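# Tertiary structure, described
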Amino acid sequence: MEDLLKVGVITTTHGVRGEVKVFPTTDDPERFLELEYVLLDTGKEHRRLDISHVKFFKNLVILKFDGVDNINDIEKYKGCDLWIPREEGQPLGENEYYVADLLGMDVVLEDGAHFGVLRNVMETGANDVYIIDSDENGEVLLPAIHECIRKVDTEKNTMTVHLMKGLI
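Residues numbered from 1 in each chain as written. Predicted model: local features only at pLDDT ≥ 70, side-chain atom pairs only at ≥ 80, totals over all residues. Heavy atoms only, no water.

In this structure, Val22, Phe32, Val38, Leu63, Phe65 and Leu82 are the most contacted members of the largest nonpolar core, which totals 22 residues. Secondary-structure elements contributing two or more residues to this core are β1 (4-14), β2 (19-24), β3 (37-41), β4 (46-57), β5 (60-65) and β6 (81-85). Residues within four places of Phe32 in sequence aside, it is in contact with Val7, Val22, Pro24, Thr26, Val54, Val61 and Leu63. Ranked by size, the runner-up nonpolar core spans 15 residues in total, among them Val107, Val140, Val152 and Met159. (Core = buried A, V, L, I, M, F, W, Y, C linked by side-chain atoms within 4.5 Å. Buried < 20%, exposed > 50% of the residue type's maximum accessible area, 1.4 Å probe, protein only. Helix = DSSP H or I, 4+ residues; strand = E, 2+ residues; numbered from the N terminus. Contact = heavy atoms within 4.5 Å.)

In spatial order, the strands read β10-β9-β8-β7-β12-β11; together these six strands make up an open sheet with mixed pairing. Pairing within the sheet leaves two strands with one partner each, and these edge strands are β10 (138-143) and β11 (149-153). In this sheet, adjacent strand axes meet at a mean angle of 30° when their direction is disregarded. Pairing between strand β7 (residues 106-109) and strand β12 (residues 158-161): four bridges, direction parallel. Counted as the bridge partner of Asp106 is Thr158 from β12. (Pairing = 2+ DSSP bridges. Axes fitted to C-alpha atoms, helices over the stretch in contact; angles between N-to-C directions.)

Turning next to a negative patch on the surface. Taken together, the side chains of Asp27, Asp28, Glu30, Glu96 and Glu123 make up a negatively charged region of the molecular surface. Here Asp27 is to be found in the loop between β2 and β3. Classification of Asp27 as exposed rests on a relative accessible area of 77%. (Patch = residues over 30% accessible without salt bridge, like charges linked within 9 Å, V, L, I, M, F, W, Y side chains within 5 Å. Areas by Shrake-Rupley, 256 points an atom, 1.4 Å probe, with all protein chains shown as cover. Salt bridge = Lys/Arg side-chain N within 4 Å of Asp/Glu carboxyl O. Lys, Arg positive; Asp, Glu negative; His and termini not counted. Charge placed at Lys NZ, Arg CZ, Asp CG, Glu CD.)

Here we take up unusual backbone geometry. Of note, Lys58 is a non-glycine position whose phi angle comes to about 55°, a positive value. Mapped onto the fold, Lys58 is located in the loop between β4 and β5. According to the relative accessible area criterion, Lys58 is exposed, its value standing at 75%. The phi angle at Asn157 is positive, at roughly 60°, despite the residue not being glycine. Inspection of the secondary structure puts Asn157 in the loop between β11 and β12. Asn157 sits in the partly exposed class, given a relative accessible area of 29%.

Along the chain, Val129 turns up in strand β9 (residues 129-134). Its relative accessible area of 13% is what places Val129 among the buried residues. What Val129 contacts, discounting residues up to four positions off in sequence, is Asn120, Val121, Met122, Thr124, Leu141, Leu142, Pro143 and Ala144.

Structure representation (structure tokens):
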């Protein structure tokens, strides 16, 4: 399991006083109101940035960090990911999982045959879609609905799926 959870990506700066627009990768963008800090992935290290102010604009979160008061101090971090320690993550409900725990998971069919590996999760309006690198079928998109996803075992790192007609 990952020690860190991704909560957003810096998309661009906002104004000249060091604020940034962040695309949230969490189910609940209001989550940023509760965070004291985030970890900025600079590519070389994870730099702690204490949050001093949070605003919302359309589907983005606008963050102001302590000690970052100039556009030049933050502009170089456009496109960088923001992370939090796993212990700061929100509690999960039944049949909820962190994306980080699903990536790389072995996908098996109901009869136990290996089907592929979960490569990515695509968020859509209705439900998530799991992108699977299938052994025989290449890239397969499976909707994250109970009719398709029968069981997820994070301890064994496996997902059991049912292939509905028309998915392949």
